[in-house]
Amino acid sequence: MSLDKELVDRLLVDYEKPEDIIGENGLLRQLTKAIVERALSAELSTHLGYEKHAAAGRRSGNSRNGASSKRLKGDFGTIEIAVPRDRVGSFEPQLVPKGTTRFAGFDEKILSLYARGMTTREIQGHLEEMYQVEVSPTLISNVTEAVIEEVKAWQGRLLEPVYPIVYLDALVVKMRCEGRVENRAVYVAIGITMEGQKEVLGLWTSANEGAKFWLQVLTELKNRGVEDIFIACVDGLKGFPQAIETVYPKTTVQLCIVHMVRASLNYVNWKERKQVAADLRSIYRAATAEEAERQLQQFAARWDARYPTIAAMWRRNWLGVIPFFQFPAEIRRIIYTTNIIESLNMSLRKAIKTRGAFPSEEAAMKVMYLALKNLARKWHTIMGWNDALNRFALLWEARFPQQPN
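Bear in mind that the values here come from a model prediction, so they are computed numbers and not experimental data.

Engineer: Give me the packing of helix H7 (residues 211–223) against helix H8 (residues 240–247): which residues, what numbers.
Structural biologist: Taken N-terminus to C-terminus, the directions of H7 and H8 make an angle of 25 degrees; their axes are 9 Å apart at the nearest point. As the angle between them shows, H7 and H8 are arranged roughly parallel. Crossing geometry of H7 relative to H8 is assigned as right-handed. Contact with H7, carried on its side by Ala 211, Trp 214, Leu 215, Leu 218, Thr 219 and Lys 222, involves Phe 240, Ala 243, Ile 244, Thr 246 and Val 247 of H8 and no other residues of that element. Tallied by class, residues from the contact of H7 with H8 come to eight nonpolar, two polar and one charged.

Engineer: Requested: an account of the sheet that holds strand S3 (residues 162–177), with residues and values cited.
Structural biologist: Ordered by their spatial adjacency, five strands build an open sheet running S5-S4-S3-S6-S7, and the pairing between neighbours is mixed. Each edge of the sheet is formed by a strand with only one pairing partner; in this case those strands are strand S5 (198–206) and strand S7 (252–255). With direction set aside, neighbouring strand axes in the sheet form an average angle of 25 degrees. As paired strands, S3 and strand S4 (residues 180–192) are joined by 13 bridges and run antiparallel to one another. Residue pairing in the sheet places Leu 171 in a bridge with Val 186 of S4.

Engineer: Which residues make up the pattern of salt bridges, and what values go with them?
Structural biologist: Taken as a whole and assessed by the stated rule, the structure comprises twelve salt bridges. For the salt bridge of Glu 149 with Lys 152, the shortest nitrogen-to-oxygen distance reads 3.8 Å. Of this pair, Glu 149 and Lys 152 both sit in helix H6 (residues 137–155), three residues apart, roughly one helical turn. Here the two residues Glu 149 and Lys 152 agree in accessibility, since each one is exposed. Measuring nitrogen to oxygen at the nearest pair gives 2.9 Å for the salt bridge that ties Glu 272 to Arg 306.

Engineer: Explain the packing of aromatic side chains to me, and be specific about the residues and the numbers.
Structural biologist: In this structure the tally under the stated criterion is eleven aromatic pairs. An angle of 35 degrees between the planes, with centres 6.5 Å apart, marks the rings of Trp 318 and Phe 325 as tilted. A residue is classified by how much of its surface remains accessible, and Trp 318, at 12% relative accessible area, is buried. Considering the side-chain rings of Phe 324 and Phe 325, the 5.5 Å spacing of their centres and the 90 degrees angle between planes classify their relative orientation as edge-to-face. Taking relative accessible area as the criterion, Phe 325 reaches 10% and is therefore assigned buried. Aromatic rings pair up to connect Phe 230, Phe 327, Trp 385, Phe 392 and Trp 396 into one cluster. Its end group placed over the ring of Trp 270, Arg 273 keeps NZ or CZ at 4.3 Å from the ring centre.

Engineer: Go over H8, please, and point to the residues and values.
Structural biologist: For H8, every residue scored as buried is listed here: Phe 240, Ala 243, Ile 244 and Val 247. Down the axis, H8 shows its buried residues gathered within 95 degrees of arc, on one side only. Away from its buried face by more than 90 degrees, H8 exposes Glu 245 and Thr 246. Those residues of H8 hidden inside the fold are in contact with S3, H7, strand S6 (228–234) and S7.

Engineer: Account for the pairing of S5, naming residues and giving values.
Structural biologist: Look at any regular strand and the pattern is simple: side chains alternate between the two faces of the sheet. Burial analysis of S5 places nine of its nine residues in the buried class, the great majority of the element. Sheet topology note: the S4/S5 ladder contains eight bridges and is antiparallel. Paired with Tyr 187 across the strands is Trp 204, a residue of S5. The antiparallel pairing of S4 with S5 creates a hairpin that spans five residues between the two strands, and Gly 196 there sits at a positive phi of about 85 degrees.

Reading guide: rules and limits
- Residues numbered from 1 in each chain as written.
- Predicted model: local features only at pLDDT ≥ 70, side-chain atom pairs only at ≥ 80, totals over all residues.
- Heavy atoms only, no water.
- Axes fitted to C-alpha atoms, helices over the stretch in contact; angles between N-to-C directions.
- Helix = DSSP H or I, 4+ residues; strand = E, 2+ residues; numbered from the N terminus.
- Parallel < 35°, antiparallel > 145°, perpendicular 65-115°, else oblique.
- Left-handed = near helix turned anticlockwise from the far one by under 90°.
- Contact = heavy atoms within 4.5 Å.
- Nonpolar A, V, L, I, M, F, W, Y, C, P; charged D, E, K, R; others polar.
- Pairing = 2+ DSSP bridges.
- Salt bridge = Lys/Arg side-chain N within 4 Å of Asp/Glu carboxyl O.
- Buried < 20%, exposed > 50% of the residue type's maximum accessible area, 1.4 Å probe, protein only.
- Phe/Tyr/Trp six-rings, centres within 6.5 Å; stacked < 30°, edge-to-face > 60°.
- Lys NZ or Arg CZ within 6 Å of the ring centre and 35° of its normal.
- Arc of directions from axis to C-beta.

Shown next as structure tokens:
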């Protein structure tokens, strides 16, 4: 529906400065009030079955009965509207239901700010500053509390039967538990669907990261419908491969190259990080495992004098690194890409860094869920996925899902 340009011109005839449009008594607020009240009046006419002052309303058994005042919050600020009533009290407004004091879009503003890690007090101050709306902490809490049911439904939803690649990772978050603040591990599983879409499979928390807990996570994924995983990319946690093998015995376990590079660069000063990273790249981008081992020897010869820990760490974890080299380039590019894990962790850390500590595990889960929801909107199909999928079909033909005819 397009607006009448002449109508718009008439509305703007007295426009001189921005306040005339978006100010406290500006045109937008007045229009919102007028349109909402007109729509409510039309709803009541539909409910009664006749227009205002129409002869059909006489002796109809129900009629208009004035209006009640209601303060409504929204992106436009706060306005006072007149909600029409009927005499028998059977009218139920649809645009502004009974008990509603804000438009749904206003709730989205609160959730968006909450997802960015802002506290209730900070959200309250921001909304008052930006929209001249006084919002109680109770209202903000009610809006964010409603997310918990959404989180529970999301966490228990059925998943795809096959994920060619799943990334398993954890980060540490401070939260209050049993009266004291402690560091707790938040586990994240990211799957790549058959269509090449990234999907967060779930979030879990525990006092620390451990293979025993990962076994519970993997068992839950199995119970939610995940029948097979071709490749599981994990960090260097001891016992992790055994936990995966227990639930998914056919899965190839690959030590996450991203974690290896990140752990290596922790030992390097800022000036030399770029060069060390480039030399590490020559290892994991080698054509074969033998070539990779030669590159590791050259790396050690160049850097052991300054950073002996790096080459030693790669040798110690070499059995977890070399499965990588059995795959063709199409699959390797997707496995070692840093975008999937790094962008997700960056978004989560950005959301939680403004908090000293979360008051509860539930509060932390709400913020991280909303942050992931925002991030997922920006995700696209992985580049080069069709080439990788063709390789998957050749490597694991018997396990590859049958496509409908």
